[in-house]
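Results of the structural survey
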Amino acid sequence: MPTAFSPNDDGIHDFFKPISKDIELQAFQVFNRWGELVYDNDSEAGWDGTYKGEVQDLGVYVYLIEYRFIAGDKTEQLQGNVTLIR
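I will try to describe carefully the structure that is included in this document. Predicted, not measured: the structure shown is a model, and the values here were computed from it.

A short note on the packing of aromatic side chains
- Within this structure, the stated rule accounts for seven aromatic pairs.
- Ring geometry for Phe16 and Tyr63: centres 5.5 Å apart, planes at 55°, overall tilted. Residue Phe16 is located in the loop between β1 (4–5) and β2 (23–31), and its partner Tyr63 is located in strand β6 (residues 59–69); the two are separated by 47 residues in the primary sequence.
- Residue Tyr63 is classed as buried on the basis of its relative accessible area of 7%.
- An aromatic cluster is defined as three or more aromatic residues linked by ring pairs; in this entry it consists of Phe5, Phe16, Phe28, Tyr39, Trp47, Tyr61 and Tyr63.

Rendered as structure tokens:
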């Protein structure tokens, strides 16, 4: 998982998402520092740094993903932090 992204429409690191050809994503959520869900796996593109159409503040966000390896049937979870930079 990336540790930072910069959604500034320059075409470089504008979206935050898991990148792997070996997994099938089951769930992908991003939360702000108050625990509010700001992204919930509604796009293959990933999170663009907005919530309800509003640009989100710079800072650290928490993510939670649930995934399955394509070659297996076991579902796993991963959580961590990502920094939104403009």
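Observations concerning the nonpolar core
- Counting 14 residues, the largest nonpolar core has Phe16, Phe28, Val30, Trp47, Tyr61 and Tyr63 as its most contacted members.
- Elements supplying a minimum of two residues to this core: β2, β3 (37–40), β6 and β7 (75–84).
- Take this core: its biggest share by element is four residues, from β6.
- The contacts of Tyr63, once residues within four sequence positions are left out, are Met1, Phe16, Phe28, Gln29, Val30, Leu78, Gln79, Gly80, Asn81 and Val82.

Some thoughts on the environment of Gly11
- Note that Gly11 resides in the loop between β1 and β2.
- When the C-alpha atoms of Gly11 and Asp48 are compared, they prove to be 12 Å apart, with 37 residues separating the residues in sequence.

Remarks on the sheet that holds β7
- One open sheet holds the five strands; their spatial order is β1-β7-β6-β2-β3, and the pairing between them is mixed. Among the strands making up the open sheet, the edge pair consists of β1 and β3.
- Taken together, the 10 bridges between β6 and β7 define a ladder with antiparallel strand orientation. Bridging from a neighbouring strand, Leu64 pairs with Gln79 of β7.

Re the side chain of Asp14
- In this fold, Asp14 is placed in the loop between β1 and β2.
- For the buried Asp14, no salt bridge is present, and the opposite-charge side chain at shortest range is Arg86, 7.6 Å distant.
- A polar side-chain atom of Asp14 sits 3.2 Å from the main-chain amide nitrogen of Asp9.
- Ignoring any residue separated from it by four or fewer positions in sequence, one finds Asp14 in contact with Phe5, Ser6, Pro7, Asn8, Asp9, Trp47 and Asp48.

Comments concerning the pairing of β3
- Looking at chain direction, β2 and β3 are connected through three bridges and run antiparallel. Each bridged residue has a counterpart across the sheet, and for Val30 the counterpart in β3 is Tyr39.
- Turn length for the β2-β3 hairpin, with the two strands adjacent in sequence and antiparallel, is five residues, and the turn residue Gly35 shows positive phi of about 85°.

Reading the values: the criteria
Every chain begins its residue count from 1, and numbering advances along the sequence as written. Since the coordinates come from a predicted model, pLDDT governs what is reported: local features require at least 70, and pairs of side-chain atoms require 80 or more to be given and counted, while whole-chain, interface and lining totals use all residues. The basis for every side-chain value is the complete set of non-hydrogen atoms in the structure, without hydrogens or water. Only the six-membered ring of Trp is used, alongside the rings of Phe and Tyr, when aromatic pairs are assigned; centres must lie within 6.5 Å, and planes under 30 degrees apart are stacked while those over 60 apart are edge-to-face, with the rest tilted. Runs of H or I in DSSP of at least four residues are treated as helices and runs of E of at least two as strands, each being numbered from the N terminus. Buried, partly exposed and exposed residues are distinguished by accessible area as a fraction of the type maximum, computed with a 1.4 Å probe on protein chains only: under 20%, between the cut-offs, and over 50%, respectively. Here, nonpolar core means buried Ala, Val, Leu, Ile, Met, Phe, Trp, Tyr and Cys residues that are tied together by side-chain atoms lying within 4.5 Å of each other. By the convention used here, residues are in contact when the closest approach between their heavy atoms is within 4.5 Å. Two strands are said to pair when DSSP picks up at least two bridges between them. Residues scored as charged are limited to Lys and Arg (positive) and Asp and Glu (negative), so that His and the chain ends carry no count. We define a salt bridge as a contact between a side-chain nitrogen of Lys or Arg and a carboxyl oxygen of Asp or Glu at a distance within 4 Å. In the analysis that follows, any N or O atom pair within 3.5 Å is treated as a polar contact, provided that within protein one partner can donate a hydrogen and the other can accept it, and provided that, for residues neighboring in sequence, both atoms belong to side chains.

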